[in-house]
Each structure stands twice: as C-alpha cells, then as structure tokens.
Amino acid sequence: MEGKNILHMNTGNGELSYARNSLLQESMTRKALSVLNLAIKSMADLDIIFSQCVKIADLGCSSSVNSLLVASNIIDIVNKLCEENNQKAPQFEFYLNDLFGNDFNTIIKMIPNFYSKLKKDQGEHSGHCFVSATPGSFYGRLFPDQSMHLVHSSYCLHWLSQAPDGIENNTTNIYIAKSSPPNVFEAYEKQFQNDFGNFLKVRSQEIVQGGCMVLTFIGRSMADPTCDDCIYLWHLLGLSLLDLLKEGLIQESDLNSFNMPYYTPYEDEVMNIIRNEGSFSLDTLNVFQVNWYPIKTDDDDDDDDANAKDFNEPSHIYGKKTAKAIRAAVEPFLTSHFGNSIMDVLFKRYAKHVALHLAKKNTGHFSLVISLSKK
C-alpha cells in the first residue's frame, strides 16, 4: 500500500488536528536540542555556518509550530556561535518539506508571528530569515546538488514510503505482531533498509561536504522486532479494528489487506545502513525513552466517555490523549482504506484499550537521535 499520496497528518487547527496534538513531537524536538547544538558547532569548526546564507531543510515538517521551533533553535545557536567567533550573522533559508497532501496552509499562516518573534528575540544583529515550503517525498530528491548545509528531521523516518509488498499472509495484523509469519518481519526490515538507504543517498547529493543531518525517529530497544515498545500501539489499534469487525462495522477483507507503512529499527540496523551507504559519518547516536503521551494534564472533559470511572484517572487521561495524538497522525491514512464513518467509534475503543494497557504497564516510545556529517 503506497502512502505518499495519502499519508499526512490531520489538517487545520481543530480539536483533532495535528497542530493541536503534537506535544510528543515537540518534546522530542527539545530533547534532541543538545545533539543539534553539537552538530552546528561541528560545522562552525569547518567555517560552514559562517557563509553568507545558511540553507536548512526540515523534512517531514507537517503542520504544527514544531518546525518553526526548530528554526528558532537553529538561528539562536548559529547567532551565538557567530558572536563567540566575531563573525557576522548569516542569512537563513529554511525549507519546510512534507508530502504533497500536507497542510502547508496552516504552517504558512504561522510564519508572520514567527518573523515578529524572531526579530524581537534576536534583534537587529540577526541575519534575515526566509521560510518556504518544499513539497515532495524525502525518499527522493528535493534540492539542487551541494546546496544544503543542515538537514533536520524529527519523528518522520519511521514512516516508510509504503507498506511492504508480499505480506498478504499477515491477515488481521495491521503491523508486525508476535503472530506474524517470518516473511512479514523480513519484508518490513527490507523496506526500511531500502527507504533509509535511499534517504541517505539523495541527501548526500544535496548536502555540502561537512554539512550535517540531525535525525530523530522512533526505534526499538532490542533486536526482537516484536518487543512491546515498538509494536504495542499498533497492536491495540488492531484490537480496536477487530472489535469493529466483530460488530460488522468493517469488512474482514479490508482488515486483512491493511498494513501500516511504519517501521521502528534497532540501533544496529541504523548504523549498518549508514555504514553500507557510505556517504556520511555517524557522529552521535543517543536514545531516549518517552511516554506515549509525555505530560499529564488535568483539563480533559470526560463527557464523551461514560465509562471513565472504570479506569484509574491517570491511565484514562493518558489513554484518551494518546488516542487523540495517534488519530491526528494516522486518521487520513485509515480513512482512505476504511472510510470516515467508523473513525469516532474506532478511536473511542482505541482510547479504552490504551487506558487498560497503561493501567497495567507503562509503555513508551524508544527514540533514536543521530547526527551525521557528510564525508
């Protein structure tokens, strides 16, 4: 199932939009800041960031303010390094990239406030900043040869270019599962190897020598592809779809033909692909464990769930918020396959499954943050 034409986050800025349900992604952007800082300092040592115009791409920007947060962080780091080295601050060009179905309108409407805040925070000593949208798949070429200084991507590379071919025997599983046949594991691993290898190859053509990439994505903590920290969110979504199948709300053939275009690699897999592709040096690899929903809040309304009392309060809150965050990320993809009519009931069931799971076991995302430099 090819995802490049239909895989995008929920649009707009409503209650179920990605713009209002991307706190996890913001949390990881902040956690990766130290790695980004080191990468930019390494480019300063090579005088790369002291050029007249620094060109930066944020790949998989989606439609929340997180990409502009990344841009603010990069400008702040570069300006401080310029001040420390008695260098004039450069101009900045930021290219916000995502697939063609992305809601670029929402993020573009945020840019005037971003410019105003940047001028207030950085003052007149900062170089001019220009932000533009660059639609297209980051598994293909996006920019001219040797044109980019820094490439950033956060929580995107676990999304594959498509679900693997040849996994029809995965039946009611929607992703890798403990019951999946061995060929399913192999197909997902091969798809990630091809996609990430292509990503490195095309970026190597676009990035200047000594330029850097900082990439954050969901991985797994052990070699076993069925460990809980990488499959359980999708296992619970699969259980929710099975509930709907039993009630006659979806067709068995539709469920059997659905697989997520998603893969969480083990860190050894990532390092091997980088080594085999050969264009980049791996400078750092850090790991973080974060909760499915990173911050507890007390402002949820419970009127849409009469059974909230069946769960202890924290797990119910986290279940509901986790379900909203996942819905913001995958609803358009699910709708393209199952239709729109089941989405409310599906994610209501999903929130309950997540809450019941979290009441027994706190499961989180195992995230990888890597920095690479172009050889």
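Reading guide: rules and limits
Residues numbered from 1 in each chain as written. Predicted model: local features only at pLDDT ≥ 70, side-chain atom pairs only at ≥ 80, totals over all residues. Heavy atoms only, no water. Helix = DSSP H or I, 4+ residues; strand = E, 2+ residues; numbered from the N terminus. Contact = heavy atoms within 4.5 Å. 1 Å grid on protein atoms, 1.4 Å probe; cavity = no way out; pocket = protein on both sides within 12 Å on 5 of 7 lines; lining within 4 Å. Points joined across faces, edges and corners; volume = space filled by probe spheres on them. Nonpolar A, V, L, I, M, F, W, Y, C, P; charged D, E, K, R; others polar.

Chemist: So what about the environment of Gln-91? Which residues, and what values?
Modeler: Counting through the fold element by element, Gln-91 comes out in strand β2 (residues 91-98). Remark: the alpha-carbon pair of Gln-91 and Thr-11, spanning 80 residues in sequence, is separated by 31 Å. Excluding anything up to four places from it in sequence, Gln-91 contacts Gln-52, Cys-53, Val-54, Gly-127, His-128 and Phe-130.

Chemist: Let's hear about empty space enclosed by the protein: which residues, and what values?
Modeler: In total, this model carries three cavities of 30 Å³ or more according to the counting rule given. Volume-wise, the largest cavity comes out at about 610 Å³. Lining the largest cavity are 42 residues, and of these Met-9, Tyr-155, Cys-156, His-158 and Trp-159 lie nearest its centre. A total of five residues in the lining of the largest cavity trace back to one element, the largest contributor, which is helix α9 (residues 313-338). In terms of residue class, the lining of the largest cavity is made up of 22 nonpolar, 17 polar and three charged. As a volume, the second largest cavity reaches approximately 70 Å³. If you trace the second largest cavity, you find 14 residues lining it, with Asp-229, Cys-230, Leu-233, Tyr-262 and His-365 closest to the centre. Residue assignment for the lining of the second largest cavity shows that the elements contributing at least two residues are α6 (228-246) and β7 (364-374). Tallying contributions element by element places α6 first for the lining of the second largest cavity, with seven residues.

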